[in-house]
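# Chain and residue survey
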Amino acid sequence: FSYIIALIVDAFLIFFSIFHVIAFDELKTDYKNPIDQCNSLNPLVLPEYLLHLLINLLFLLSGEWFSLFLNVPLILYHIHRYRTRPVMSGPGLYDPTSIMNADVLTICQREGWIKLAFYLLSFFFYLYGMIVVLIAA
């Protein structure tokens, strides 16, 4: 059950990562302004973190220790990233005043690509895990 839910939720996380990468590419090419971009990205931060935490809570409850172990570094990164976010009035990570800084923009874009790769690899691992559990049952 946990792998089925993980596959579904991971599909949403892949969508969030693709949206993240596309949004920062639009920002880099000056297709959109920083305020609109941050207003569209910030509401997706907490749902992404909560969905990722939900998957790992299910892995913890079902005793899938290896799957949980693979996700712990990203959970810790999410916690660190949210704790060190810029001072803002609402939830989210992205501040429109500093997002156009070349270093910040590059880091955010790289973060999006790395998360996309992680979620894609996780999707196939969860699919493999689900098949192994179904065959063993």
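Data block above holds the structure.
Computed from a prediction, not measured in an experiment: that's the story for all the values here. (Residues numbered from 1 in each chain as written. Predicted model: local features only at pLDDT ≥ 70, side-chain atom pairs only at ≥ 80, totals over all residues. Heavy atoms only, no water.)

So, on to the nonpolar core. Among the nonpolar cores identified, the biggest contains 15 residues, and Y3, A6, L13, I55, F59, Y119 and Y126 are the most heavily contacted of them. Of all the secondary structure elements, the ones that give two or more residues to this core are α1 (2-28), α2 (34-62), α3 (65-83) and α4 (102-136). Ranked by the residues each element gives to this core, the list is headed by α1, at 7 residues. Ignoring any residue separated from it by four or fewer positions in sequence, one finds L13 in contact with E48, L51, H52, I55 and Y119. C38, L41, Y49 and I99 belong to the second-largest nonpolar core, a separate cluster that totals 12 residues. (Core = buried A, V, L, I, M, F, W, Y, C linked by side-chain atoms within 4.5 Å. Buried < 20%, exposed > 50% of the residue type's maximum accessible area, 1.4 Å probe, protein only. Helix = DSSP H or I, 4+ residues; strand = E, 2+ residues; numbered from the N terminus. Contact = heavy atoms within 4.5 Å.)

On to the environment of G92. Here G92 is to be found in the loop between α3 and α4. With a relative accessible area of 0%, G92 lands in the buried category. For the pair G92 and F24, spaced 68 residues apart in the sequence, the C-alpha separation amounts to 15 Å. For G92, the contacting residues outside a window of four places in its chain are N42, V45, Y82 and R85.

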